[in-house]
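Below, each chain spelled out in residue letters.
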Amino acid sequence: TGYLYQRSNILYNEVQYLNAILSYQFFIDTYPNDSKVADAYLKQGLSLVKIGRPDGAKFFFKTLIDRFPHSREAALARQHLQQINTD
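Summarised in this report is the structure supplied together with it.

What counts as what
- Residues numbered from 1 in each chain as written.
- Predicted model: local features only at pLDDT ≥ 70, side-chain atom pairs only at ≥ 80, totals over all residues.
- Heavy atoms only, no water.
- Helix = DSSP H or I, 4+ residues; strand = E, 2+ residues; numbered from the N terminus.
- Contact = heavy atoms within 4.5 Å.
- Salt bridge = Lys/Arg side-chain N within 4 Å of Asp/Glu carboxyl O.
- Buried < 20%, exposed > 50% of the residue type's maximum accessible area, 1.4 Å probe, protein only.
- Core = buried A, V, L, I, M, F, W, Y, C linked by side-chain atoms within 4.5 Å.
- Phe/Tyr/Trp six-rings, centres within 6.5 Å; stacked < 30°, edge-to-face > 60°.
- Lys NZ or Arg CZ within 6 Å of the ring centre and 35° of its normal.

A word on the environment of proline 69
Logical step 1: Its place among the elements puts proline 69 in the loop between α4 (54-67) and α5 (72-86).
Logical step 2: Taking the C-alpha atoms as reference points, proline 69 and alanine 38, 31 residues apart in sequence, are found 9.7 Å from one another.
Logical step 3: Aside from chain neighbours lying at most four places away, what touches proline 69 is Leu64, Ala74 and Arg78.

As structure tokens, then:
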């Protein structure tokens with residue numbers, strides 16, 4: 001699990017957002033119950049915001065909130081959703 005997640009983070013940090021989104025999705029699909037899934041959803045949403053696709057980001061933020069409502073990542077997703085909805 002660590003390798004896939006780490007690889008996704010490297011892509012994200014290298015500003016390869018589209019590749020990061022796909023890589024995080026592969027991680028989520030492969031390890032749906034991993035503790036890092038919430039962060040993967042958050043980073044997918046943030047990646048879409050950064051490439052100018054906030055409407056696409058809403059899906060990932062809402063999925064994160066639905067699956068992990070009490071997580072730190074969900075709190076951040078709620079903040080980003082508010083910002084998208086007020087822009």
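After that view of the structure, there is still more to cover.
Points about the pattern of salt bridges
Logical step 1: Counted according to the given criterion, the structure contains three salt bridges.
Logical step 2: Here lysine 43 ties to aspartate 39 by a salt bridge, and the two come within 2.9 Å at their closest N and O atoms. Of this pair, lysine 43 and aspartate 39 both sit in helix α3 (residues 37-50), four residues apart, which is roughly one turn of the helix. Each member of the pair, lysine 43 together with aspartate 39, is buried.

A few points about the nonpolar core
Logical step 1: Grouped together as the largest cluster of nonpolar side chains are 26 residues, with contacts concentrated most on Phe27 and Phe61.
Logical step 2: With seven residues, α3 is the largest single contributor of residues to this core.
Logical step 3: If near-sequence neighbours (up to four positions away) are discounted, phenylalanine 61 is found in contact with Leu42, Gly45, Leu46, Val49, Ala77, His80, Leu81 and Ile84.

Describing the packing of aromatic side chains
To describe a pair of aromatic rings, one takes the distance between the centres and the angle between the planes.
Logical step 1: Counted by the stated rule, this structure contains five aromatic pairs.
Logical step 2: Through successive ring pairs, a cluster of aromatic residues spans Tyr5, Tyr24, Phe27 and Tyr31.
Logical step 3: A cation over a ring is seen here: lysine 36 above tyrosine 5, with NZ or CZ 5.7 Å from the ring centre.

Observations regarding unusual backbone geometry
Logical step 1: For valine 15, which is not glycine, the phi dihedral falls at a positive 65 degrees.
Logical step 2: Positionally, valine 15 belongs in the loop between α1 (2-13) and α2 (17-30).
Logical step 3: Under the relative-accessibility criterion, valine 15 is labelled exposed at 53%.

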